[in-house]
Amino acid sequence: MIYTVTLNPSIDYIVRLDSLVPGITNRTTAEEYYYGGKGINVSCVLAELDLESTAFGFVAGFTGDAIEKGIRNDRIITDFIKLESGISRINIKIKAGVETEINCQGPHISEGELERLFSKIDRISDGDTIVIAGNIPNTMPDDVYERILERIKGKDVRIVVDATKKLLLNALKYKPFLIKPNRQELSEMFGVEINTEDDIEKYAKELQKLGAKNVLISLGGDGAMLIDEFGKRHKAGVLKEKVINTVGSGDSMVAGFVAGYEKTKSYPYALKLGSVCGNATAFLDGLATKEKINELLAKF
Ligand SMILES: Nc1ncnc2c1ncn2[C@@H]1O[C@H](COP(=O)(O)OP(=O)(O)OP(=O)(O)O)[C@@H](O)[C@H]1O
Ligand SMILES: O=P(O)(O)OC[C@@]1(O)O[C@H](CO)[C@@H](O)[C@@H]1O
């Protein structure tokens, strides 16, 4: 079974405007909403790739109910913990020429509620995969990913972590199978400007020294680079189509990589399927669909 963990799910409210002017009332030209949060996005794209997953995490209030009901289908088993108070966040993604995102804090999660999540994590067993992705509310201790991983220590579980800064760095000692920072996140982790391919490889290998097996660096419209567990560099470009909405492209790439590796045990194929899923999301309103993935696979 593949388990995804989203501690802070969201409704992503996409608002489109011709321009955004601070200090006045702006009017949208269109708006859409999607159920999101990084782990949930991974589950949604895995379902499009015909892979079943269980979505763990916390939901709260009416938005939480909508998220749970909205994503549940025959390939996504939702197993969220319903929080006592607050509402799951609504993240605002403003498309006004440039993309501006406002990601909110999310509800408070108590230590007792966290314990309930850990009990669910204990069900994960040998041969399973766990994908832990996204930010945590700032009221939560920042060792929470480590505490989750500590619960599965010693089991033969494939670990995928898509997070930033300390959350990611602290998880590396658990030897994750895959991490997927983007270029900016890689730069932030080392406090340096990373521009060239050689620099990307150099710092990806630093993350490998700290414990990561495969490091996939996503480069937005410039594609992606994988440094695999054998230290080999693989590159992937992007297809050229009108970009509609890149929210969740990185999560789609993670889902595609996990699915591609699960199916073939080949890193070049995992990178290809990951890239196709990332591209497919960028070229659609919502996340990658099965139809778009198959269309792009034939061209990639
Ligand atoms: N403009 C684009 N055109 C084509 N493909 C894209 C574009 N942007 C992203 N992608 C695809 O999606 C992958 C992941 O994108 P990106 O590097 O933006 O991830 P990310 O920063 O983690 O995004 P997010 O946090 O929104 O999920 C890229 O490697 C690429 O394959
Ligand atoms: O605040 P976080 O957890 O870092 O990111 C949350 C988020 O931006 O990530 C997804 C896209 O990757 C969206 O569905 C969601 O709004």
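Data block above holds the structure.
Residues numbered from 1 in each chain as written. Chains lettered and ligands numbered in written order. Predicted model: local features only at pLDDT ≥ 70, side-chain atom pairs only at ≥ 80, totals over all residues. Heavy atoms only, no water.

A.B. asks: Tell me about the overall build of the protein chain, residues and numbers included.
C.D. replies: Secondary structure assignment for the protein chain yields 10 helices and 13 strands. At 18 Å, the protein chain has a C-alpha radius of gyration in line with the 19 Å of a compact globule built from 300 residues. Its C-alpha atoms give the protein chain principal-axis dimensions of about 55 × 45 × 40 Å. Here the protein chain, with 300 residues, has 53% of them falling under the buried criterion. Counting 39 positive and 43 negative side-chain charges, the protein chain places the averaged centre of each group 2 Å from the other. (Helix = DSSP H or I, 4+ residues; strand = E, 2+ residues; numbered from the N terminus. Rg over C-alpha atoms; globule rule 2.2 N^0.38 Å. Buried < 20%, exposed > 50% of the residue type's maximum accessible area, 1.4 Å probe, protein only. Lys, Arg positive; Asp, Glu negative; His and termini not counted. Charge placed at Lys NZ, Arg CZ, Asp CG, Glu CD.)

A.B. asks: Help me get a handle on unusual backbone geometry, residues and values and all.
C.D. replies: Despite not being glycine, D50 has its phi angle at roughly 65°, a positive value. Mapped onto the fold, D50 is located in the loop between α1 (38–48) and β4 (53–59). Owing to a relative accessible area of 42%, D50 belongs among the partly exposed residues under this scheme. Notably, K165 is not glycine yet its phi reads approximately 40°, a positive angle. Owing to a relative accessible area of 46%, K165 belongs among the partly exposed residues under this scheme.

A.B. asks: Lay out the site of ligand 1 in plain terms, naming residues and giving numbers.
C.D. replies: Taken together, 23 residues form the shell around ligand 1, and within it N182, S218, G220, G223 and G250 come nearest. Within the contact set of ligand 1, an oxygen atom lies 2.8 Å away from a side-chain nitrogen or oxygen of N182. Here ligand 1 has 630 Å² of accessible area as a free molecule, and 85% of this is covered by the chains. Contributing elements (two or more residues each) for the shell around ligand 1: α8 (249–264) and α9 (267–282). When grouped by side-chain class, the residues that make up the shell around ligand 1 number 8 nonpolar, 12 polar and 3 charged. (Near = heavy atom within 4 Å. Polar contact = N/O pair within 3.5 Å; in protein donor to acceptor, adjacent residues only side chain to side chain. Areas by Shrake-Rupley, 256 points an atom, 1.4 Å probe, with all protein chains shown as cover. Nonpolar A, V, L, I, M, F, W, Y, C, P; charged D, E, K, R; others polar.)

A.B. asks: An account of the state of the cysteines is requested, with residue identities and associated values reported.
C.D. replies: Enumeration according to the criterion identifies 0 disulfides in this entry. Free cysteine: C277, not disulfide-bonded; nearest cysteine sulfur from C44 at 13 Å. Relative accessible area serves as the criterion here: at 0%, C277 is assigned to the buried category. (Disulfide = S-S within 2.5 Å.)

A.B. asks: Explain the environment of G61 residue by residue, including any values.
C.D. replies: Within the secondary structure layout, G61 lies in helix α2 (residues 61–71). Excluding residues within four positions of it along the chain, G61 makes contact with K82, G86 and I87. (Contact = heavy atoms within 4.5 Å.)

A.B. asks: So, the nonpolar core: which residues are in play, and what are the values?
C.D. replies: Across soluble globular proteins, you tend to see nonpolar side chains buried next to one another. Membership of the largest hydrophobic core comes to 46 residues, with the highest contact counts inside it found for L7, I130 and I148. Listed in part, the 34 residues of the second largest apolar core include A236, Y267, A280 and A288. (Core = buried A, V, L, I, M, F, W, Y, C linked by side-chain atoms within 4.5 Å.)

A.B. asks: Which residues make up α1, and what values go with them?
C.D. replies: The buried fraction of α1 amounts to 9 of the 11 residues, a majority that puts the element mostly inside the structure. Considered for burial, the residues of α1 that qualify are G39, I40, N41, V42, S43, C44, V45, L46 and A47. Trailing α1 by a residue or two, D50 shows a phi angle of about 65°, which is positive.

A.B. asks: How would you sum up the packing of aromatic side chains? Please name residues and give values.
C.D. replies: Evaluated as defined, the whole model comprises 9 aromatic pairs. Each ring, one from F257 and one from Y267, has its centre 6.3 Å from the other, and the planes form 25°; the classification is stacked. Taken together, the residues span a long stretch of sequence, with F257 in helix α8 and Y267 in helix α9 at a distance of 10 residues. Taking relative accessible area as the criterion, F257 reaches 0% and is therefore assigned buried. Under the relative-accessibility criterion, Y267 is labelled buried at 6%. With a centroid separation of 4.8 Å and an interplanar angle of 20°, the aromatic rings of Y261 and Y267 are classed as stacked. (Phe/Tyr/Trp six-rings, centres within 6.5 Å; stacked < 30°, edge-to-face > 60°.)

A.B. asks: Provide a residue-level description of the site of ligand 2, including the pertinent values.
C.D. replies: Around ligand 2, a shell composed of 15 residues is seen, among which D12, K38, K93, N135 and D251 lie nearest. Within the side chain of N41, an N or O atom sits 3.0 Å from an oxygen atom of ligand 2. With the chains in place, 90% of the 400 Å² that ligand 2 exposes on its own is no longer accessible. Of all the secondary structure elements, the ones that give two or more residues to the shell around ligand 2 are β2 (10–16), α1 and β6 (89–96). In terms of residues, the shell around ligand 2 owes the most to one element, β6, which gives 3 residues. Class assignment of the residues belonging to the shell around ligand 2 gives a composition of no nonpolar, 9 polar and 6 charged.

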